[in-house]
Structures are given as structure tokens and as C-alpha cells.
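Listed here are the chains, written in short residue letters.
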Amino acid sequence: MLPDTSKRTRSEFLFERASRLIPGGVNSPARAFGAVGGTPPFMKRGEGAYLFDVDGNRFIDYVGSWGPHLFGHRHPAILQAIEQALIIGTSFGAPTEAEAELAQLVIDMVPSVEMVRMVNSGTEATMSAIRVARGFTGRNGVVKFAGCYHGHVDSLLVAAGSGALTLGCPSSPGVPPGATADTVVLPYNDCESLEVAFQENGDQLAAVILEPVVGNMGCVIPTPEFLSLLRRLCTQHGTVLIFDEVMTGFRVAAGGAQQLFGITPDMTTLGKIIGAGMPVGAYGGRADIMNCVSPVGKVYQAGTLAGNPVAMAAGIAMLNLIRERNPYPRLEQIGEKLAVGFQSAASAAGVDVRINRVGSMLTVFLTSQTVTNLASATTSDTARFARWFHGLLNRGVYLPCSQFEALFVSAVHTDADIDQTIAAAIASFSDCNN
Ligand code: KE4
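Residues numbered from 1 in each chain as written. Predicted model: local features only at pLDDT ≥ 70, side-chain atom pairs only at ≥ 80, totals over all residues. Heavy atoms only, no water.

Focus: the nonpolar core
Membership of the largest hydrophobic core comes to 42 residues, with the highest contact counts inside it found for Tyr 62, Leu 338, Phe 342, Trp 388 and Phe 429. Among the secondary structure elements, those contributing two or more residues to this core are strand 2 (50-53), strand 3 (58-61), helix 12 (328-348), strand 12 (361-365), helix 14 (382-393), strand 13 (397-398) and helix 15 (415-432). Look past the residues within four positions of Phe 429 in its chain and what remains in contact with it is Phe 342, Ala 345, Ala 346, Ala 349, Val 351, Val 353, Val 364 and Trp 388. (Core = buried A, V, L, I, M, F, W, Y, C linked by side-chain atoms within 4.5 Å. Buried < 20%, exposed > 50% of the residue type's maximum accessible area, 1.4 Å probe, protein only. Helix = DSSP H or I, 4+ residues; strand = E, 2+ residues; numbered from the N terminus. Contact = heavy atoms within 4.5 Å.)

Some remarks on the domain arrangement of the chain
Taken domain by domain, the chain comprises domain 1 (5-62 + 327-432) and domain 2 (76-325). Of note, the centres of domain 1 and domain 2, computed from C-alpha atoms alone, are 26 Å apart. Carbon and sulfur atoms supply 68% of the area buried between domain 1 and domain 2, which totals about 2,100 Å² over both sides. For the interface between domain 1 and domain 2, the tally reads 0 salt bridges. Along the contact surface separating domain 1 from domain 2 lie 9 residue pairs in polar contact (both at pLDDT 80 or more). When contributions to the side of domain 1 that touches domain 2 are tallied by element, the ones reaching two or more residues are helix 12, strand 11 (354-358), strand 12 and helix 13 (374-377). Here the element with the most residues in the side of domain 1 that touches domain 2 is strand 12; it accounts for 4 residues. Class assignment of the residues belonging to the side of domain 1 that touches domain 2 gives a composition of 16 nonpolar, 8 polar and 2 charged. (Domains from an automatic or database assignment. Buried area = accessible area lost by both parts, 1.4 Å probe. Salt bridge = Lys/Arg side-chain N within 4 Å of Asp/Glu carboxyl O. Polar contact = N/O pair within 3.5 Å; in protein donor to acceptor, adjacent residues only side chain to side chain. Nonpolar A, V, L, I, M, F, W, Y, C, P; charged D, E, K, R; others polar.)

Concerning the site of the ligand
Among the 17 residues in the neighbourhood of the ligand, the closest are listed as Ser 28, Thr 123, Asn 216, Asp 244 and Glu 405. Between the ligand and the protein, one listed contact pairs a nitrogen atom with a side-chain N or O atom of Lys 272 at 3.1 Å. Here the ligand, which alone exposes 540 Å², has 87% of that area covered by the protein. Residue composition of the shell around the ligand, by class: 5 nonpolar, 8 polar and 4 charged. Formed jointly, the shell around the ligand draws a minimum of three residues from each of two domains, domain 1 (5-62 + 327-432) and domain 2 (76-325). (Near = heavy atom within 4 Å. Areas by Shrake-Rupley, 256 points an atom, 1.4 Å probe, with all protein chains shown as cover.)

Quick look at the sheet that holds strand 4 (residues 115-119)
One open sheet holds the 7 strands; their spatial order is 4-10-9-8-7-5-6, and the pairing between them is mixed. In this open sheet, the two strands that pair with only one neighbour each are strand 4 and strand 6 (183-186). Adjacent strand axes in the sheet meet at a mean angle of 20°, parallel and antiparallel pairs treated alike. Where strand 5 (residues 141-145) and strand 7 (residues 205-210) come together, 3 bridges link them in parallel fashion. (Pairing = 2+ DSSP bridges. Axes fitted to C-alpha atoms, helices over the stretch in contact; angles between N-to-C directions.)

Some thoughts on the sheet that holds strand 12
Pairing is antiparallel in the open sheet, where 3 strands are placed in the order 11-12-14. Of all the strands in the sheet, just strand 11 and strand 14 (407-408) have a single pairing partner and so form its edges. Of the strand pairs in this sheet, strand 12 and strand 14 are connected by 2 bridges, and their pairing is antiparallel. Pairing of Leu 362 across the sheet is with Leu 407, part of strand 14.

A closer look at the state of the cysteines
Per the counting criterion, the structure on display carries 0 disulfides. Unpaired in this structure, Cys 191 has its nearest cysteine sulfur neighbour in Cys 234, at a distance of 13 Å. Residue classification places Cys 191 among the partly exposed residues on the basis of a relative accessible area of 24%. (Disulfide = S-S within 2.5 Å.)

Encoded structure:
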């Protein structure tokens, strides 16, 4: 028997109030249900694989705060670390031992990282990495790929994914032409256009930045040829290759996509899991590049709360959990079980889907086309996705509220959770046909 989790009375009241105080009633557009309609449930608490809203509904959570909760909500080891950190204070604006402890863990785990700087978000990480790459090379050009999202950095808010794509403004108003004049946008997985871009601009390119597994146009997987060509051309032209692993870092492997695919970038950006739900981003890479960063070098970057002890404690606990528990075999197994279940549910209802998955991150695209880039991702039937989404939500399953996002399974989702999710998916796919 599937639950009825359609009651939104309290959430509707809170959303109406919030919408008068905060643009769209949310502090990040991705949460606003803009593409699927309806009222977003206001959450009261999380526990393991579950979220509980203010109307007493329980949801199996596949958002995980958009990635951080690799071990589910309120893991005891992470809570305990935060509680102990709070005893000594929240932030000092002075160096603390914890910052070097987390830095050492990142350097030990992520192949490309020889030195690392902590910041407060993924956006800060990518913004800083681009500036450092430009300072290091003395060049201005940056290549990004259509559908990839790297946070709300002016120079990268061009053909961006995630909320920008979902809400139909991949290139945002308010970004002056000068901010994107040096940004070259190419199709993802397109080796030919990459070759041409380097033939035409190679000696002006400071950096190439990409999601090494895309989450922000939905999950899109790079071809081995694309990644190895990227690595070869960047090396050949002295261009800094930046893997934006804010989403894939510690998600698809302990060492991220660069470990999974065996391609080492020059710089890496991190976020989400590194903070275990607390505000932490990081950028790092080759020591010769990172030594350009102030105060050692001249490329300026700073942050009042960067490296604060509470967030560091959460990150240290998370990365130690990963090293002690090695969740990736289980994440692969349960991610596969979910994907196979979604595929069989869609087939049973006669709904065409394409599912892209890497480990515990995946997207069910409602299209009959194989999805390898933004053009194929946007063939998806977003209206039908909205109906499927709400069918699941009203049956206790909480997916990201956009066709152009990845969902995340945690290490604490059970087989029973997956079975319940698939039962809800079967019913919801049938809804789609009515
Ligand atoms: P934040 O500034 O939101 O911490 O990170 C920006 C960012 C950078 N790079 C990648 C690959 C990312 O996925 C993100 C943020 N991801 C979105 C969800 N796709 C965050 C959700 C939101 O914007 O509320």
C-alpha cells in the first residue's frame, strides 16, 4: 500500500508567507518547483534516507540536499563532530588545526590536488579556480560546455544548466557582455568542436572547465575519447584543465570522476559532500598553480568564514567516514537496482525513457533519444516529467524538481526503500498516460 503524501496545507501557508519576504519564497531557485508547478513541501527534519515535512508527510529522499548527504541525513558521526566543534566556538578568523586536517584528507584522496584552499560554496570554488587559471597563464579565454553549471559565476552563466536551464535563463540578465566576452561555449562530448576551438584560440585559452560527469543537464556521461582529447589539448596548449567536481567529488568515487576515469586535471573544484551539509567549497590542484594564490602569490581570493572550524569538523568526519566505510560498492549496487526498477516501471507503462547513471547519481530522461549533450537532453518531455514527479511526490518519493538534475541515492537507502520507490514509479508512470 503506497502512502498518500499529497497534503500541503502548512507548506502552502509557509510558501505564501515566504514568497512575500524572499524572491520566489526560496533562497535558491532550484528549490522553487518552477518547472514542475505546485507547492514545495517545507521540510521539518531529515533522518537517514528520509525527509519529513511540516504537514506530517514522510518522503524517501533522492535529493540529499542536492548531493551532500552521501550517508543520509543526521549521520551520528557527523553530528557528533559538529557538536564537539561547537563547544569551542563557531569561527575565529584565525588559522585552526582543523583546516589543515581537512586539506590533508582532500590531498590524500583526490589525485590532482597537491594544495587546496577552502571556501564557502561551489560557486566560490569555481570562480576562484577560473581567476587562478587566468592569473597563472596570463590568458583570458575560458571554455565551458553547454548545459554544464558551475554556480552563479558571471563568466560562466552562459548556456548554464541546473536552475538556469530549468527556469529558461541559461544566460542570465545582469551579466554584462564584458564578463562573458572571453567565454567560449561548446557542445559537451563534441571532439570536433573542441579541436577547432583549440586550433583557433589555443594560445589564448586560460582554462577549460567541465563537469566530468554532468549532473546539471541531468546526468550525462563523457566519452573516454572526449576526456582524453581534453587532457591532451590542454597539455599541448598550456591551458589549465579544471574538473568541476562539486557534485562528483567523493560521490562517484573517493577520488571523484578523475579517479574513476583515470584522467588527472590540473585543478579541481569541490563542494557538497566535502562539507557534509555545512557550507564548504574548495579548489585545489598542482602546487605550481596554487602558489599563485594570495598571500603567497598575487591572485587574490579571500573569505571571512572560509575554513571555519564547525564546517571543517563536518567535512573531516565525512571524509573519514568514506575512508573507513568505502560506501561505493553499496552505492553502485543500490544505484543499479533503482535504475533497473525505473526502466522496468517505464516499460510496463509504455513510457519511453533513457536512464544515465554513474554509481549513485542518475537521471531518468523522458525521451526516446540517447542523451549525450544538452541538445539531446532537451528533447525530454518536461510536461510529462512534471506529472511523473508529482505522482511520485504524492506517493512519498522526493526527486529533484527538474528534468535537468541528477538524483542521488545514499549509502543508507535500503532495498525496501527502492522497492517502495519503484512501486510508486509504476503508479506514477501510469498517471503520465492519463
Ligand atoms: P554552490 O554554489 O551551489 O555550492 O555550487 C555551485 C555548483 C558548482 N558546480 C556544480 C557541478 C554544481 O552542481 C553546483 C551546484 N549544483 C546545484 C544543483 N545542481 C545546487 C542546487 C542549487 O543551486 O540550489
